Amino acid sequence: MKHFRWVIPLLVITTVSAIGYYFSKTNSSALPEWLGGEREIGVTVAAVRRSSMPATMRVTGELSPGREAIIVSRLAGKVTAVRFNVGDSVPAGIIVANIHSGALAERTLELQAEVDVARKEAEAKKQLVADAEERLAKSRELLQQDLIARRDVTQAETVMITARAQAELARANLAQKEAMLAQVHKLQSLTRLSAPIDGVVTRRWVEP
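Presented here is a report on the structure given in the accompanying data block.

Parameters and conventions
- Throughout, a residue's number is its position along its own chain's written sequence, starting from 1.
- Totals for whole chains, interfaces and linings use every residue, but because this is a predicted model, local features are given only for residues with pLDDT of at least 70 and side-chain atom pairs only at 80 or more, for both listing and counting.
- Excluding hydrogens and water, the side-chain figures rest on all heavy atoms present in the structure.
- When DSSP finds two or more bridges between a pair of strands, those strands are recorded as paired.
- By definition, any uninterrupted DSSP run of H or I lasting at least four residues is a helix, any uninterrupted run of E lasting at least two residues is a strand, and each is numbered from the N terminus.
- Angles run from 0 to 180 degrees between N-to-C directions of axes, and those axes are lines fitted to C-alpha atoms, restricted for helices to the stretch in contact.
- The length a helix should cover is 1.5 Å for every residue beyond the first.
- Only protein chains enter the area calculation, which uses a 1.4 Å probe; residues under 20% of their type maximum are buried, those over 50% are exposed, and those in between are partly exposed.
- Throughout, a contact is declared for two residues whenever any of their heavy atoms are within 4.5 Å.
- Think of a salt bridge as a Lys or Arg side-chain nitrogen and an Asp or Glu carboxyl oxygen that are within 4 Å of each other.
- Nonpolar side chains (Val, Leu, Ile, Met, Phe, Trp, Tyr) are joined into patches within 5 Å and like charges within 9 Å, using only residues with over 30% relative accessible area and no salt bridge.
- Here the open area of atoms and residues is found with the Shrake-Rupley method and a 1.4 Å probe, where only the protein chains shown may cover a residue.
- Roughly parallel here means an angle under 35 degrees, roughly antiparallel means over 145, roughly perpendicular means 65 to 115, and every remaining angle is called oblique.
- With the far helix as reference, a near helix turned anticlockwise by less than a right angle produces a left-handed crossing, and one turned clockwise produces a right-handed crossing.
- Think of it as three bins: nonpolar holds Ala, Val, Leu, Ile, Met, Phe, Trp, Tyr, Cys and Pro, charged holds Asp, Glu, Lys and Arg, and polar takes everything else, Gly as well.
- Under this definition, polar contacts are N or O atom pairs within 3.5 Å; protein pairs additionally need one hydrogen-donor-capable and one acceptor-capable atom, and for neighbouring residues in sequence, both atoms have to be side-chain atoms.

Some remarks on the sheet that holds strand β3 (residues 95-100)
Remark on secondary structure: sheet strands pair via backbone hydrogen bonds, oriented parallel or antiparallel. The antiparallel open sheet is built from three strands, whose spatial order is β1-β3-β4. Both edges of this open sheet fall to β1 (78-82) and β4 (192-194), since each of them pairs with a single strand only. Strand-to-strand twist in this sheet, taken as the mean axis angle between neighbours without regard to direction, amounts to 25 degrees. Bridge count for β1 against β3 is four bridges, and the pairing is antiparallel. What sits directly across from V79, in β3, is I99.

As structure tokens, then:
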């Protein structure tokens, strides 16, 4: 019995070896990889190319602004123009509305008239100074020739000093009127409302 126990395994090993040798000679590609067969793998080489694919996403929600500005007039007046509608995009600094202030416009006309009057007065006073200086110069020449008295020269000097003082006062009055007119012109710039930031119009509070 012990002799036959070795015969059977030996026959099995011999048979498997013979079958494996037969397949390796006839069709080695049919053998599994663990028996020595090789699998052919096809490889294709292509150049890499960058491309983009659009993607559409549908979402629901509510948008809230990151920054919001309410444009308010600092002057009382009448809205004459609103240049953009709800939904329009506006860049920063652009004029979005205009305001007309009747009181400011009336004050501008008054000050302009006062400036014109003050300028004419200043020019007249300047001419008086020139005339007074000329008369004083002639008086001094006549005094050197002993043709007039000393008091005449003194009187001419007094007239010249008075003319210069009046001319200086006229110039100060003109400067004051011009400063007031410039201030009103600066206020008129407030009648043009501009957008402080880039954005989209979300609401119109008033209409022209």
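Some thoughts on helix α2 (residues 102-144)
The terminal C-alpha atoms of α2, which comprises 43 residues, lie 64 Å apart, in line with the 63 Å expected from a rise of 1.5 Å per residue. Every buried residue of α2 is accounted for by L104, T108, L111, V115, A118, A122, K125, V129, A132, L136 and S139. Each element contacted by the buried residues of α2 is listed here: α3 (150-188).

Section: the pattern of salt bridges
Where charged atoms from two side chains of opposite charge approach closely, those side chains can pair. Taken as a whole and judged by the stated rule, the model has nine salt bridges. We note a salt bridge from R107 to E110, for which the minimum N-O separation is 3.4 Å. Residue R107 and its partner E110 are located together in helix α2, separated by three residues, close to a single helical turn. On the basis of relative accessible area, R107 is assigned to the partly exposed category, the value being 30%. Between R119 and E178 there is a salt bridge, and its shortest N-O distance comes to 3.1 Å. Here the residue R119 occupies a position in helix α2, and E178 occupies one in helix α3, the gap between them amounting to 59 residues.

Focus: the environment of K177
Of note, K177 is situated in helix α3. Judged by relative accessible area, K177 falls into the buried class, the value being 19%. Linking K177 and V115, residues 62 residues apart in sequence, is a C-alpha distance of 5.5 Å. Those residues within four positions of K177 in sequence are excluded, and the remaining contacts are E114, V115 and A118.

A few points about a nonpolar patch on the surface
Residues I70, V72, W205 and V206 make up a contiguous nonpolar surface patch of roughly 460 Å² in combined accessible area. Looking at where I70 falls in the secondary structure, it is placed in the loop between α1 (2-26) and β1.

With respect to the packing of α2 against α3
Two elements in contact, α2 and α3, have axes separated by 7 Å at closest approach and are oriented at 160 degrees. Here α2 is positioned roughly antiparallel relative to α3, judged by the angle of their axes. In terms of crossing hand, the pair formed by α2 and α3 is left-handed. Looking at the contact of α2 with α3 residue by residue, the class counts come to 22 nonpolar, seven polar and 15 charged.

Considerations on the side chain of K125
Mapped onto the elements of the fold, K125 is located in helix α2. Within the structure, K125 has its side chain in polar contact with the side chain of Q166 (distance 3.3 Å). Excluding residues within four positions of it along the chain, K125 makes contact with A163, Q166, A167 and A170.

Looking at α3
For α3, built from 39 residues, the straight-helix expectation of 57 Å at 1.5 Å per residue is met to within 8% by its first-to-last C-alpha distance of 57 Å. Within α3, burial applies to V153, A156, M160, A163, A167, A170, L174, K177, L181 and V184.

Side note on unusual backbone geometry
Leaving glycine out, the prevailing phi sign among residues is negative, and the prevailing peptide bond configuration is trans. In this structure, D146 takes a positive phi of about 55 degrees despite not being glycine. On the secondary structure map, D146 appears in the loop between α2 and α3.

Quick notes on the pairing of β3
Direction of pairing for β3 relative to β4: antiparallel, over a ladder of three bridges. Counted as the bridge partner of I95 is S194 from β4.

None of this, on its own, says anything about what the molecule does.
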